[in-house]
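# Topology and contacts: notes
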Amino acid sequence: GLSDTGRLDKGRSDIGMGLRYRLLLPLARVVLFIEKFWPPLAPVVGVALLFVAVALLDLLPHLPQWLHGMALVAFAGALALALRWAWENRPRVSRAAARHRLEQDSGFEHRPLEALDDQLLVGIDDRLARRMWRRHRERMAARIAGLRLGAPSPGVARHDPKALRAPLLLVLALGAAAGWGDMGDRLLRAV
């Protein structure tokens with residue numbers, strides 16, 4: 001942005017926009033990251049929960065030792081592949097996307113946060129233009145007083161149209177019920 005004297009201000013243009021904006025902008029990036037990272041992370045969570053469910057049902061110790069070992073290797077391999085896929089598909093959230101999320105959650109129209117990041121390019125030497133520009137930025141800053149950020153909405157159902165999470169959670173609940181008294185021992189025996 002520009003100061004009254006026409007010089008470019010040092011630093012980013014959101015410095016004068018208040019503590020609330022400076023705190024909410026990185027949080028908006030985290031919210032967007034959570035929403036976008038859920039689909040690649042879901043297989044990791046699924047493999048881990050399936051292992052915990054099988055361990056709580058105490059199925060692995062009843063297998064022959066070689067089959068128990070192969071089952072552990074299969075779980076470890078599936079987890080490694082899922083982790084690799086999640087890492088390779090991790091999202092990147094830009095500052096502009098976070099700003100847009102704040103504007104959407106706050107119900108703002110005409111993108112006032114983007115307007116606050118704009119710079120005066122024409123009329124830099126014109127005192128009237130600089131004053132009008134400053135007044136415009138002050139109006140935009142006043143509009144963002146009600147800045148809000150909603151909770152993450154990862155859209156689990158949208159990314160799991162076949163509802164594969166339901167049987168997995170059911171087996172996990174059965175395992176938790178079956179191993180209620182000795183969950184720790186069952187998990188150790190499975191490993």
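Heads up: the structure comes first, above all this text.
In this report, we go over the structure that sits alongside the text. Everything numeric here is computed off the predicted structure, so don't read it as measured data.

What follows is about the nonpolar core. Residues Tyr 21, Leu 24, Leu 25, Ala 28, Ala 98, Leu 102, Phe 108, Leu 113, Ile 144 and Leu 147 constitute the largest nonpolar core, which totals 10 residues. Contributing elements (two or more residues each) for this core: α1 (19-56) and α3 (95-106). Looking at which element gives the most residues to this core, the answer is α1, with four residues. In terms of nonpolar packing, the next biggest core, distinct from the first, is built from eight residues, Val 54, Ala 55, Leu 60 and Phe 75 among them.

Although it is not a glycine, Asp 58 sits at a positive phi angle of roughly 60 degrees. Residue placement: Asp 58 occurs in the loop between α1 and α2 (65-88). Judged by its relative accessible area of 11%, Asp 58 is buried. One non-glycine residue, Ala 163, lies in positive phi territory at about 55 degrees.

Another point: the pattern of salt bridges. In total, this model carries six salt bridges according to the counting rule given. One salt bridge connects Glu 88 with Arg 84, and the closest N-O pair in it is separated by 2.9 Å. Of the two residues, Glu 88 and Arg 84 are both situated in helix α2; the distance of four residues between them amounts to about one turn of the helix. Residue classification places Glu 88 among the partly exposed residues on the basis of a relative accessible area of 48%. In this structure, the salt-bridge partner of Asp 182 is Arg 189, at a minimum N-O distance of 3.5 Å. Residues joined by salt bridges that share partners form a network here, namely Asp 58, Asp 182, Arg 186 and Arg 189.

About the cut-offs
- Residues numbered from 1 in each chain as written.
- Predicted model: local features only at pLDDT ≥ 70, side-chain atom pairs only at ≥ 80, totals over all residues.
- Heavy atoms only, no water.
- Core = buried A, V, L, I, M, F, W, Y, C linked by side-chain atoms within 4.5 Å.
- Buried < 20%, exposed > 50% of the residue type's maximum accessible area, 1.4 Å probe, protein only.
- Helix = DSSP H or I, 4+ residues; strand = E, 2+ residues; numbered from the N terminus.
- Salt bridge = Lys/Arg side-chain N within 4 Å of Asp/Glu carboxyl O.

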